[in-house]
Amino acid sequence: MDELDIDENVLRRPRTKISFISCLVFNFLHPLCIFVPSILIIAVCWSRGLTHLFTWHVFLTGLGFHLLMAAGVALPNGGNSLTRNSTHSTRKTIHWILQTVGGGCALIGTVLQYINRETKLKPHFVSTHSIVGLIAVIFVLLSLLNGVSALFGWKLRRLLSPSLTKLIHNATGVATFAMGMCAIALAYEYHIFKENFAFVVRVSLVIITVATCVMSLFGVLKNIYNYLYEAYLGCKSTEYILDDVE
């Protein structure tokens, strides 16, 4: 009996260790990586003055992706203790609200920058940042449209299976968020940040941005992998797959 107890304890240790790491990452590290750069973006825009269209571009796109969408992408998977204790319906509702508002901010911020460059007779989409940002905005539109179909996926069963609809929604969301965060990482080399932060700080912000992207997308990528594995390598029935994926 003692040997059995010892074996059970040994079996529990890896799971306990993983749970501790998951708790540390999603309850402390992930929120910290979201809020610190967001606060710095707000501080930089505030010090520059919110009378310039470029400042509003930085403010809206930065917070749209790094704050709202980063929180929204991670929310449905219940990574932290707060969301884990919430109902699936509540997480889904907050998720689409955050994604919609964040996507709207990114769209408005991009339009303002287009107007800003147009009034100054400057060419558009000539830098890597601007091109990546444009791709991210295109994916924002696709993701928002696809999000509506995913939200009402069960009503569209006759046209497209809910599991496939959610897979497409997740894949589009991953591309949207990844491209948006990539654009933010590239933006830290612009003068608005160079004037306020040292090189080491800007490099740290890039690293934090990448880490935020990876942590936010972890649950979504895991669900996509599970779907593909079950659909093509495991069982052929996909009716129950992606039930918790938004």
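Preceding block: the structure.
Residues numbered from 1 in each chain as written. Predicted model: local features only at pLDDT ≥ 70, side-chain atom pairs only at ≥ 80, totals over all residues. Heavy atoms only, no water.

Section: the pattern of salt bridges
Rules: One speaks of a salt bridge when a side-chain nitrogen belonging to Lys or Arg is within 4 Å of a carboxyl oxygen belonging to Asp or Glu. With a 1.4 Å probe rolled over the protein chains alone, any residue whose accessible area is under 20% of its type maximum counts as buried; one over 50% counts as exposed, and the rest are partly exposed.
Tallied over the entire structure, the rule returns two salt bridges. Linking glutamate 189 and lysine 194 is a salt bridge whose minimum nitrogen-to-oxygen distance equals 3.8 Å. Classification of glutamate 189 by relative accessible area gives partly exposed; the value is 40%. Within the structure, one salt-bridge network assembled from shared partners comprises Glu189, Lys194 and Arg202.

Some remarks on the nonpolar core
Proteins that are soluble and globular tend to have nonpolar side chains buried together. We count it as follows: Buried Ala, Val, Leu, Ile, Met, Phe, Trp, Tyr and Cys residues that are joined via side-chain atoms within 4.5 Å together make up what is termed a nonpolar core. Comment: elements are numbered from the N terminus, with helices defined as DSSP H or I runs of at least four residues and strands as E runs of at least two.
Core analysis: the biggest nonpolar cluster contains 29 residues, and Val58, Phe65, Phe177 and Phe193 have the highest contact counts within it. For this core, the elements supplying multiple residues, two or more each, are helix H1 (2-48), helix H2 (53-74), helix H5 (128-151), helix H6 (162-187), helix H7 (191-194) and helix H8 (199-232). The dominant element in this core, judged by the number of residues it contributes, is H8, at seven residues.

Things to note about the side chain of arginine 202
The following threshold applies: Contact criterion: two residues are considered in contact whenever any of their non-hydrogen atoms come within 4.5 Å of each other.
For arginine 202, the position within the fold is in helix H8. A relative accessible area of 8% places arginine 202 in the buried class. Discounting chain neighbours no more than four positions away, the residues touching arginine 202 are Tyr188, Glu189, Phe193, Lys194 and Phe197.

Brief notes about the packing of H2 against H8
What counts, and what does not: Helix axes are fitted only over the stretch in contact, all axes being lines through C-alpha atoms; the angle between N-to-C directions runs from 0 to 180 degrees. Oblique is the label for every angle not falling under 35 degrees (roughly parallel), over 145 degrees (roughly antiparallel), or within 65 to 115 degrees (roughly perpendicular).
Here H2 crosses H8 at 30°, and the two axes come no closer than 7 Å. The orientation of H2 with respect to H8, classified from their angle, is roughly parallel. On the side of H2, the interface is formed by His66, Ala70, Val73 and Ala74, while H8 contributes Thr209, Thr212, Ser216, Leu217 and Val220.

Section: helix H4 (residues 88-119)
Every α-helix carries 3.6 residues per turn, so stepping three or four residues along brings you back to the same face. What counts is decided by this rule: The span you would expect from a helix comes to 1.5 Å times its residue count less one.
If you check H4, its first and last C-alpha atoms are 46 Å apart, about what 32 residues at 1.5 Å a residue would give, namely 46 Å. All of the buried residues in H4 are Arg91, His95, Leu98, Gln99, Gly102, Gly103, Cys105, Ala106, Gly109, Leu112, Gln113 and Asn116. A positive phi of about 55° marks leucine 121, the residue just after H4.

With respect to the environment of cysteine 45
Looking at where cysteine 45 falls in the secondary structure, it is placed in helix H1. Separated by 148 residues in sequence, cysteine 45 and phenylalanine 193 have C-alpha atoms that sit 9.7 Å apart. The contact partners of cysteine 45, leaving out residues within four places of it in the chain, are Leu50, Thr55, Val58 and Phe59.

Quick look at unusual backbone geometry
Residue leucine 121 is not a glycine yet carries a positive backbone phi of 55°. Within the secondary structure, leucine 121 is located in the loop between H4 and H5. Phi is positive for phenylalanine 125, close to 50°, though the residue is something other than glycine. The residue phenylalanine 125 is located in the loop between H4 and H5 in this model.

Section: the packing of aromatic side chains
Just so we agree on the cut-off: Stacked, tilted and edge-to-face are the three classes applied to pairs of Phe, Tyr and Trp rings, where Trp contributes its six-membered ring and a pair requires centres within 6.5 Å; stacked means planes under 30 degrees apart, edge-to-face means over 60, and tilted covers the rest.
Inspection of the entire model under this criterion finds five aromatic pairs. Consider the rings of phenylalanine 26 and phenylalanine 218, whose centres lie 6.5 Å apart with planes at 45°: the pair is tilted. Residue phenylalanine 26 is located in helix H1, and its partner phenylalanine 218 is located in helix H8; the two are separated by 192 residues in the primary sequence. Residue classification places phenylalanine 26 among the buried residues on the basis of a relative accessible area of 14%. On the basis of an interplanar angle of 85° and a centroid distance of 5.6 Å, the ring pair of tryptophan 56 and phenylalanine 59 is categorised as edge-to-face. Placement of both tryptophan 56 and phenylalanine 59 in helix H2 is noted, with a separation of three residues, approximately one turn of the helix.

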